[in-house]
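One letter stands for each residue in the lines below.
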Amino acid sequence: ILRGSVARPHLKPYMASLQLDGQHVCGGFLIAEQWVLSAAHCTEETDGKLFQVLLGAHSLTEPEPHKRLYQVRAQFPHPGSNIHNNKDDLLLLQLEEKAELNADVRVLPFQREDRDVAADTVCEVAGWGTIDHSGTRPDKLHQVERPVISRDVCNHRTRHDGTITQNMMCTDSRRKDTCKGDSGGPLVCDGVAEGVVTAGSRVCGNYKKPAIYTRIAPYAAWIDGVMASADG
Ligand SMILES: NCc1cccc(Nc2n[nH]c3ncnc(Nc4cccc(O)c4)c23)c1
């Protein structure tokens, strides 16, 4: 997160850190006791290895009362996701067991009504992604508030030039923005997860390249289907 602030500890109890060999790779969030939602692009450099999921954390390194690393039973990238574009950039992770819910570990509801969030709505995004252009990685969770911008503005030829589909949404990226390692985290508007951070052009903090999110509502049926089929 560029030019945000350190989050209030454990006030985003749905936040997950997707890790490989103890290193934060991507964000994610708890959508059910045994399920985390993130971004399919996060699996690009994992060489087929499964993530481990850290829940209940504020600091990535310090001991905290409800911090716990969960093994992942299975990962389900959306079948339409691919390395060439941002389409269907969603990843469902089934935890090895149900997460123990408490004050620091809680499920975040996601939007099921497929209707665009109004432009200028101020939403919040959090993550352990890089906090400056030299790629400094924070130990503590950071957050930033960002206004939604309309798809038409985001699709302007000087911005994302028509690549933003109805299944995506954008926020203003002037100075304050998401960045490397924030992918997979939720865009939260009025307490509901409306989008999932996708890297898009990978640029951070440049107003010409607004931040892009995969809208969740269009994928509610896919999410429910995977959870139902895998839970048995
Ligand atoms: N703001 C959109 C957004 C959301 C999520 C991730 C991203 N960026 C990135 N995702 N993956 C990446 N691998 C390498 N470099 C990256 N961006 C980068 C790194 C250092 C300086 C800088 O200005 C930009 C990214 C960008």
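Computed from a predicted structure; not experimentally measured. (Residues numbered from 1 in each chain as written. Predicted model: local features only at pLDDT ≥ 70, side-chain atom pairs only at ≥ 80, totals over all residues. Heavy atoms only, no water.)

(A) Quick look at the site of the ligand. As a matter of local geometry, the ligand sits amid His 133, Asp 177, Thr 178, Cys 179, Lys 180, Ser 183, Val 197, Thr 198, Ala 199, Arg 202, Val 203 and Cys 204. In the model, a nitrogen atom of the ligand is placed 2.9 Å from a nitrogen or oxygen of the Arg 202 main chain. In isolation the ligand has 560 Å² of accessible area, and contact with the protein removes 79% of it. Taken together, the residues of the shell around the ligand sort by class into five nonpolar, four polar and three charged. (Near = heavy atom within 4 Å. Polar contact = N/O pair within 3.5 Å; in protein donor to acceptor, adjacent residues only side chain to side chain. Areas by Shrake-Rupley, 256 points an atom, 1.4 Å probe, with all protein chains shown as cover. Nonpolar A, V, L, I, M, F, W, Y, C, P; charged D, E, K, R; others polar.)

(B) The sheet that holds strand β2 (residues 15-20), seen in detail. Spatially, the six strands close up into a barrel ordered β2-β3-β4-β7-β6-β5, and their pairing is antiparallel. In this sheet, neighbouring strand axes are inclined to one another by 40 degrees on average, regardless of whether the strands run parallel or antiparallel. Across five bridges, strand β6 (residues 68-77) lies against strand β7 (residues 91-95) in antiparallel orientation. Bridge pairing in β7 links Ala 74 to Gln 94. (Pairing = 2+ DSSP bridges. Helix = DSSP H or I, 4+ residues; strand = E, 2+ residues; numbered from the N terminus. Axes fitted to C-alpha atoms, helices over the stretch in contact; angles between N-to-C directions.)

(C) Fine view of the nonpolar core. Among the nonpolar cores identified, the biggest contains 45 residues, and Leu 18, Phe 29, Ile 31, Leu 37, Val 53, Leu 55 and Ile 223 are the most heavily contacted of them. When residues of this core are traced back to their parent elements, those giving at least two are β2, β3 (23-32), β4 (35-38), β5 (52-55), β6, β7, β12 (192-198) and α2 (220-231). Apart from the residues within four sequence positions on either side, Ile 223 is in contact with Ile 31, Leu 37, Leu 92, Phe 110 and Ile 216. Among the nonpolar cores identified, the runner-up in size contains 12 residues, and Val 117, Val 125, Leu 187 and Tyr 213 belong to it. (Core = buried A, V, L, I, M, F, W, Y, C linked by side-chain atoms within 4.5 Å. Buried < 20%, exposed > 50% of the residue type's maximum accessible area, 1.4 Å probe, protein only. Contact = heavy atoms within 4.5 Å.)

(D) View of the pattern of salt bridges. This structure, assessed with the given rule, holds 14 salt bridges. The partner of Arg 68 in a salt bridge is Glu 97, with the nearest N and O atoms 2.9 Å apart. Pair noted here: Arg 68 is in strand β6 and Glu 97 is in the loop between β7 and β8 (122-127), with a separation of 29 residues, a long-range link. Judged by its relative accessible area of 40%, Glu 97 is partly exposed. Between Glu 100 and Arg 68 there is a salt bridge, with its nearest N and O atoms 3.6 Å apart. Here the residue Glu 100 occupies a position in the loop between β7 and β8, and Arg 68 occupies one in strand β6, the gap between them amounting to 32 residues. For Arg 68, a relative accessible area of 31% corresponds to the partly exposed category. (Salt bridge = Lys/Arg side-chain N within 4 Å of Asp/Glu carboxyl O.)

(E) View of the packing of aromatic side chains. Counting across every chain of the model gives one aromatic pair. Between Trp 35 and Phe 76, the aromatic rings sit 5.6 Å apart at their centres with planes inclined by 40 degrees, giving tilted as the arrangement. Remark: Phe 76 occurs in strand β6 and Trp 35 occurs in strand β4; sequence separation between them is 41 residues. (Phe/Tyr/Trp six-rings, centres within 6.5 Å; stacked < 30°, edge-to-face > 60°.)

(F) Local environment of the side chain of Thr 130. Tracing the sequence through the fold places Thr 130 in the loop between β8 and β9 (142-149). What makes Thr 130 buried here is its relative accessible area of 5%. Not counting the four nearest positions on each side in its chain, Thr 130 is found in contact with Ile 1, Leu 2, Gly 135, Thr 136, Arg 137, Pro 138, Cys 179 and Lys 180.

(G) Structural detail: the confidence of the model for the protein. Model confidence for the protein is summarised by a mean pLDDT of 97, while 100% of its residues fall at 70 or above. For this predicted complex, the interface confidence score (ipTM) comes to 0.96, while the overall pTM stands at 0.98. (pLDDT = per-residue confidence, 0-100.)

(H) Region of interest: the state of the cysteines. Applying the stated criterion across every chain, the model contains four disulfides. Across the disulfide from Cys 26 sits Cys 42; the S-S distance is 2.0 Å. Residues Cys 26 and Cys 42 are joined through a disulfide that is left-handed, its torsion about the S-S bond being -95 degrees. Taken together, the residues span a long stretch of sequence, with Cys 26 in strand β3 and Cys 42 in the loop between β4 and β5 at a distance of 16 residues. A relative accessible area of 5% means that Cys 26 is categorised as buried. Cys 42 gets classed as buried once you look at its relative accessible area, which sits at 5%. The disulfide partner of Cys 154 is Cys 170, and the S-S distance across this bridge is 2.0 Å. Here Cys 154 and Cys 170 share a disulfide; its torsion about the S-S bond, -85 degrees, makes the bridge left-handed. (Disulfide = S-S within 2.5 Å.)

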